[in-house]
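Architecture at a glance
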Amino acid sequence: MLEQIINSLNGFLPETALIVSMLVTIILDLIIRKKSVVVTAVGIAGLLVSMYFAYLQIGAKAILFSGMVVVDPFSVFFKMILGLSTIFVLLFTTVSKEIQDSTHKNEHVYLMIAMALGAFLMASSVNMLMMYLSLETVSLTSYVLAGYTKRVKRSSESAMKYIIYGAASSGIMIYAMSLLYGFTGTMNIYETSIFLSKVNLTGNPLIVISIIMILAGFGYKISSVPFHFWTPDVYEGAPIPVTAFLAVTSSAAGFSVLIRFITNSFLAGALVQNGNFVVIPGVNWKEIIIVLSVASMILGNFVAVWQTSVKRMLAYSSIAQGGYILLGLSVANQQGLAAMLIYLMAYLFMNLGAFYVLILIANKLDTDELIGMKGLGYKAPAVCVGMGIFMFALSGVPTTAGFVGKFYLFTALIESKLVWLAVVGLMNSVVSLFFYIKVLKYMFLMKPEDGSTQKLQFGAGAYVIMLLLAVPTMFFGIYFTPLVRIAEYSISMFGFR
Amino acid sequence: MIEFKLLGIGILSWMTFLPVLGMIVLLFMPRSAEKYIKYVAVGFTALLVVLAAVMLSVYDPSKAGVNTLSGFQFVEKLTWIDIPAYLWDGRIKIEYFLGVDGISFPMVLLTALISFIGAIVSFSIKRNEKGYYVMYLFLVTGMMGAFVALDFFLFFVFWEIMLLPMYFLIGIWGGERREYAAIKFFLYTFFGSAFILLVMIGLYFSSKDPETGLHTFNMITLMDPRTIPADSLLGALNVTWRLIAFVSLFIGFAIKVPAFPFHTWLPDAHVEAPTAISVILAGVLLKMGTYGMLRISWSIFPDGARYFMVPIAIIAAINVIYGALCAMAQKDFKKLIAYSSISHMGYVMLGMASLTTIGINGAIFQMFNHGTITAVLFTSVGVIYDRAHTRGLNDFGGLANKMPKYFAVLMVAFFASIGLPGLSAFISETFVFLGGFKNEFIRTVAIISTLGIILNAAYILWTIQRLFFGTLPEKWNELTDINPRELISTVPLLIIVIALGIFPSYMLNLMTTSVNTLVNFIWGIN
């Protein structure tokens, strides 16, 4: 037992690095006792070290801690995505007025690292208990982060809503897991799959009910309809860097655990044949995912059209984007899985970028309302052009990474003969264009209300961070070989044949 | 396969990306040099005309192109995306593949010409010139790229990126309801391209290159019936799917043409767009729809083209007659020209629906002629609007004496638009109708659409009467005649109109071999 734990520690280096850097930042915060970039820098350094360890794990496949977590290309991929997005969000906090002006000192740094730790574990856990625990780690830290600016009323309100909703949905999830445990006698997802393949499930509602209830837990992390009700309010109330963190990091972690859980627990023994998943008869998760995905796309996009706050609009757009990503799971094959990962990579850059530009704008204008952005394109041209790139990427216009992501998703759908679903997705992107472009309409097509053309100044650092997001968004749109190669390599999961 | 390189880069790449180079130059121009921005932009578009002239001198009209790679000219073929195969996901290969044949070459010439003219017309833009010309040049790249791309994916990319600058050009520099017009244009076309994307992906997975055994986006390979196995999604056995795919593609392209009932964005976009953008829109952008049909729908789905020729001809006839009737009802000069474009694009579609050499020849020739003629017409609308700040036809009268040179320019353009013998559109319209009469299935429809000619003459003559004859209202006593810059942007086009009216074979020779091949291909005659 002890020996196995010691052996496992080797494969646990990325997480260990996170724990260490979390502790270091806490101690540093205590020593410095005021707001400091140093703490953020140390935090970022810790994340980089952790990502380096994750990088060293490429190619490895191992099971750790008696079947609690695994190391495989899939988890390494998500560790990279999660680490990278956390680094970006930490960078955002250095420019965000909301964070810098808050009464707190550097708590956000180690809270975010703690959340990254939970997210790392979500990406690699293969035991339902572990999944639940890591999901709760992420949730608990995000409750705190959502209410980070405690003096702001709507921030505290959003944290409260988030807690209530989160507690309810994770309660439902753990209940469903206990149901599943009672039926199968195991918490390990591989053993679950072996057990389920052996018994006759036709006409047995238990599995479907527990899938739906477990999806309540995962679905709330990826803010998929109908588990999305917290999203708009929390996204609107939380400080923007935290919103970005929830929209990208937390939801990517949600996807990682969802994909692993669904694909590993509910596939028959041979798992994959010619790239298609072999679903256990009687387990209709494909249909459930299709319903969730279509509902998320339609609700997210159509409600986003009516929003007047960009932040709230991005919240609904995140719901819709989650719906697009779920499309990849509904085809139940390797190609769909790869498309999901490609989309997630694109989503990382474009969605973080959109939130980042919003931070810059909100810093200067103290508002995230569309009406306040009238004619902004003439006052802050570079930033608004950046916004243009991210908006077009999110709506899936070619030569941006967003198009590549959508292209691969629809490709997977059409090859699986799910043409109607592709049509639904495409029509949704037409709708989404309407509200994404509305931001640009206010920025460029309308004249400033006060008629002033005073240019807004941003520091060089602000532009550098924007370029770090905008350049990959464009580059991967034009040359997407790397995205596809990475995704194809990373769909390989432990125990997946 | 003719290749032509300058500095090691193929001439089509130059044609496509020279405007991007211009964009970069403009972006880095210092504030002190701002008054030269427009000249730089004109310079870059003038280079396009020079390159087009060079291409014209080298172009070999005896080569067919269409479905044979060896028949294409100025071909450039490089690998863009090449992702080796995984077991479950075939090798993905997208090529940077450019080339022209008789179908695209007239369009390339037109694009170069109209871009140049449009840049001169744009001199009336006074606000934020740098942004304007950057967007303008970006638009030129998109248009040129779409006409020369032979890889479906590449074509789609150009087709889509064209929308972005157009949105801003209408939305920022447009008229009163510019925001509405811009978003309407964007959403309509984006909606259409969603269908094109679906068919593109469907075709890709149905295809199997007979030589390499891989999926392909290569349009020329896709035309080869051997490429699409009969039992694949869009294979010959799945007749229904093939017809659905044809209709989807048709909707995607028809929105751009614009064909009835997808035409409602056009009057709005035209009325709100600045003059130069109207020129580009009518002169080049609309042709992209009909070009796309010929290049992709007709060639890859010849069965669909044969199956749907009567409905398409009917849509074309509706376009011709309904467009003309709408034009007749307009009081706004620009809106009238916009509706006349709908009517004239109907002729193009009628010629294409005839599936005869003479009809399609007429259609392509009409595309070119409509481009040159409406460019002059829209510029003329801009001329009067810049001076009078109104386009209401009923506000004018008796301008013939006040603005004699303007009168002369507009008369030639108007008569060309009616299709007066001796001017280029006469030839193309005649060819279109000859094609329509030759195809017995659509003969009735073609006969009905000849009514459009009369209606066309009616509203044009009435417009002339309202503008130029009668008495001049007091308030227009101060109007000045057309100035030299405006003459430069109209007279060369009129010279082309007259020259092609007298010697149409110059243009027809460029395309006829290719069109012949295309028609034989559609009817399965080798």
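Reading the values: the criteria
- Residues numbered from 1 in each chain as written.
- Chains lettered and ligands numbered in written order.
- Predicted model: local features only at pLDDT ≥ 70, side-chain atom pairs only at ≥ 80, totals over all residues.
- Heavy atoms only, no water.
- Helix = DSSP H or I, 4+ residues; strand = E, 2+ residues; numbered from the N terminus.
- Rg over C-alpha atoms; globule rule 2.2 N^0.38 Å.
- Buried < 20%, exposed > 50% of the residue type's maximum accessible area, 1.4 Å probe, protein only.
- Contact = heavy atoms within 4.5 Å.
- Lys, Arg positive; Asp, Glu negative; His and termini not counted.
- Charge placed at Lys NZ, Arg CZ, Asp CG, Glu CD.
- Buried area = accessible area lost by both parts, 1.4 Å probe.
- Salt bridge = Lys/Arg side-chain N within 4 Å of Asp/Glu carboxyl O.
- Polar contact = N/O pair within 3.5 Å; in protein donor to acceptor, adjacent residues only side chain to side chain.
- Phe/Tyr/Trp six-rings, centres within 6.5 Å; stacked < 30°, edge-to-face > 60°.
- Lys NZ or Arg CZ within 6 Å of the ring centre and 35° of its normal.
- 1 Å grid on protein atoms, 1.4 Å probe; cavity = no way out; pocket = protein on both sides within 12 Å on 5 of 7 lines; lining within 4 Å.
- Points joined across faces, edges and corners; volume = space filled by probe spheres on them.
- Nonpolar A, V, L, I, M, F, W, Y, C, P; charged D, E, K, R; others polar.
- Axes fitted to C-alpha atoms, helices over the stretch in contact; angles between N-to-C directions.
- Left-handed = near helix turned anticlockwise from the far one by under 90°.
- Domains from an automatic or database assignment.
- Expected span 1.5 Å × (residues − 1).
- Bend = angle between axes of the 7 residues up to and from the residue.
- Core = buried A, V, L, I, M, F, W, Y, C linked by side-chain atoms within 4.5 Å.

**So, the overall build of chain B**
The helix and strand tally for chain B stands at 22 helices and 4 strands. In terms of overall dimensions, chain B is globule-like: its C-alpha atoms have a radius of gyration of 22 Å, near the 24 Å expected for 526 residues. Viewed in the frame of its principal axes, chain B has a C-alpha envelope of about 80 × 60 × 40 Å. Buried residues in chain B amount to 65% of all 526 residues. Partitioning the intrachain contacts of chain B with sequence separation of at least 6 by distance along the chain shows that 78% fall at a separation of at least 24. Averaging the locations of the 33 positively and 29 negatively charged side chains of chain B gives two centres separated by 4 Å.

**What about the interface of chain B and chain A?**
Each side of the interface is counted separately: chain B has 40 residues, and chain A has 45 residues. Between chain B and chain A the total buried area reaches about 4000 Å² when both faces are included, carbon and sulfur atoms providing 79% of it. Linking chain B with chain A are 0 salt bridges. Counting the contacts that link chain B with chain A gives 2 residue pairs in polar contact (both at pLDDT 80 or more). At the level of secondary structure, the elements contributing two or more residues to the side of chain B that touches chain A comprise strand 3 (73–83), strand 4 (92–100), helix 5 (152–161), helix 6 (163–173) and helix 7 (178–206) of chain B. If you tally residues by element for the side of chain B that touches chain A, the top one is helix 7 of chain B, at 15 residues.

**Focus: the packing of aromatic side chains**
The final tally for this structure, using the stated rule, is 64 aromatic pairs over all chains. Ring centres 5.6 Å apart and planes at 80 degrees place the aromatic pair Tyr39 of chain B and Phe123 of chain B in the edge-to-face group. Note that Tyr39 of chain B is positioned in helix 2 (residues 37–58) and Phe123 of chain B in the loop between helix 3 (105–121) and helix 4 (129–148), a separation of 84 residues in sequence. Taking the relative accessible area as the measure of exposure, Phe123 of chain B reaches 14% and is therefore buried. A centroid spacing of 4.2 Å and a plane angle of 20 degrees characterise the contact between Tyr204 of chain B and Phe217 of chain B, whose relative ring orientation is stacked. Linking Tyr204 of chain B in helix 7 with Phe217 of chain B in the loop between helix 7 and helix 8 (219–223), this pair joins segments that are 13 residues apart in sequence. On the basis of relative accessibility, which here comes to 2%, the residue Tyr204 of chain B falls in the buried class. Exposure remark for Phe217 of chain B: the relative accessible area of 2% places this residue in the buried category. Ring-pair connections join several aromatic residues into one group, and the members of that group are Phe403, Phe407, Tyr408 and Phe480 of chain A together with Trp80, Phe153, Phe156, Tyr204, Phe205 and Phe217 of chain B. Sitting over the face of the ring of Phe123 of chain B, Lys38 of chain B holds its NZ or CZ atom 5.2 Å from the ring centroid.

**With respect to empty space enclosed by the protein**
All chains considered together, the criterion is met by 4 cavities of 30 Å³ or more. What the largest cavity holds in volume is close to 100 Å³. Looking at the largest cavity, it is lined by 13 residues, and the ones nearest its centre are Gly396 and Leu426 of chain A together with Glu160, Phe190 and Leu197 of chain B. Those elements that provide at least two residues to the lining of the largest cavity are helix 18 (401–415) and helix 19 (419–445) of chain A together with helix 5 and helix 7 of chain B. Among the residues forming the lining of the largest cavity, the class breakdown is 7 nonpolar, 4 polar and 2 charged.

**Some words on the packing of helix 14 (residues 310–330) of chain A against helix 17 (residues 381–395) of chain A**
Residues and elements named next belong to chain A. Contact pair helix 14 / helix 17: the axes reach a minimum separation of 12 Å and the direction vectors enclose 30 degrees. Pair helix 14 / helix 17 crosses with left-handed handedness. Contacts between helix 14 and helix 17 pair Val310, Met313, Leu314 and Gln321 from the former with Met387, Met391 and Leu394 from the latter. Broken down by class, the residue content of the contact of helix 14 with helix 17 amounts to 6 nonpolar, 1 polar and no charged.

**Looking at the side chain of Thr249 of chain A**
All names here are of chain A. Of note, Thr249 is situated in helix 12 (residues 240–265). For Thr249, a relative accessible area of 1% puts it in the buried group. Here Ser85 takes part through its side chain, which lies 3.0 Å from a polar atom of the side chain of Thr249. Excluding its chain neighbours within four sequence positions, the residues that come into contact with Thr249 are Leu82, Ser85, Thr86 and Ala244.

**Looking at the domain arrangement of chain B**
Residues and elements named next belong to chain B. Once the domains are mapped, chain B shows domain 1 (1–272) and domain 2 (308–526). The straight-line distance from the C-alpha centre of domain 1 to that of domain 2 is 24 Å. Opposite the 37 residues of domain 1 that make contact, domain 2 presents 39 residues. Buried surface at the junction of domain 1 and domain 2, summed over both partners, amounts to about 3400 Å²; 80% is from carbon and sulfur atoms. For domain 1, the biggest contributors to the area lost against domain 2 are Phe260, His270 and Val271; these three give 16% of the whole. The tally of links from domain 1 across to domain 2 stands at 0 salt bridges. At the junction of domain 1 with domain 2, the criterion picks out 7 residue pairs in polar contact (both at pLDDT 80 or more). Breaking the side of domain 1 that touches domain 2 down by element, the ones donating at least two residues are helix 3, helix 9 (239–256) and helix 10 (265–272). Residue classes in the side of domain 1 that touches domain 2 are distributed as 29 nonpolar, 6 polar and 2 charged.

**As for the environment of Asn218 of chain B**
As for its placement among the helices and strands, Asn218 of chain B is situated in the loop between helix 7 and helix 8. Engagement of the side chain of Asn218 of chain B in a polar contact is seen with the backbone nitrogen of Ile220 of chain B, the distance being 2.9 Å.

**What about helix 12 of chain A?**
When the terminal C-alpha atoms of helix 12 of chain A are compared, their 36 Å separation across 26 residues agrees well with the 38 Å that a helix rising 1.5 Å per residue should span. Roughly 30 degrees is the biggest bend found in helix 12 of chain A, and it falls at Leu246 of chain A.

**Some remarks on the layout of surface pockets**
Residues and elements named next belong to chain B. Each pocket or cavity is described by its volume, and for the second largest pocket that value is around 570 Å³. Surrounding the second largest pocket, 25 residues form its lining, Trp173, Gly174, Gly175, Pro274 and Tyr385 being those nearest its centre. Counting residues per element, the lining of the second largest pocket draws most heavily on helix 15 (residues 357–388), at 4 residues. Residue assignment places the lining of the second largest pocket across two domains, with domain 1 (1–272) and domain 2 (308–526) each supplying three or more.

**Examining the pattern of salt bridges**
Within the structure shown, the criterion is met by 17 salt bridges over all chains. Lys97 of chain A is paired through a salt bridge with Asp366 of chain A; the nearest N and O atoms lie 3.3 Å apart. Residue Lys97 of chain A is found in helix 5 (residues 97–100), and its partner Asp366 of chain A is found in the loop between helix 15 (334–365) and helix 16 (376–379); the two are separated by 269 residues along the sequence. Given the relative accessible area of 32%, Lys97 of chain A is considered partly exposed. A salt bridge links Asp268 of chain B to Lys184 of chain B; the shortest N-O distance between them is 2.8 Å.

**Some words on the nonpolar core**
One finds Trp285 of chain A together with Phe152 of chain B to be the most contacted residues of the largest nonpolar core, which totals 404 residues. By residue number, the principal contributor to this core is helix 15 of chain A, which donates 24 residues. Each residue touching Trp285 of chain A, except ones within four places of it in the same chain, is listed here: Ile211, Ile262, Phe266, Leu267, Phe277, Val279, Leu329 and Ala332 of chain A. Core analysis: the next-biggest nonpolar cluster, separate from the first, contains 6 residues, Phe12, Val69, Leu121 and Met130 of chain A among them.

**Re the environment of Ala393 of chain A**
Residues and elements named next belong to chain A. Take Ala393: it is sitting in helix 17. Looking at Ala393, the relative accessible area reads 0%, which means it is buried. Separated by 44 residues in the primary sequence, Ala393 and Phe349 have C-alpha atoms spaced 9.4 Å apart. Not counting chain neighbours up to four residues away, the residues in contact with Ala393 comprise Met350, Thr400, Gly402, Phe403 and Thr473.

**Section: helix 11 (residues 230–237) of chain A**
Residue and element names in this part refer to chain A. In terms of residue burial, helix 11 counts as a mostly covered element, since 7 of its 8 residues are buried. Buried residues of helix 11: Trp230, Thr231, Pro232, Val234, Tyr235, Glu236 and Gly237, and no others. On its buried side, helix 11 packs onto helix 7 (128–146), helix 8 (153–184), helix 10 (205–221), helix 12 and helix 14.

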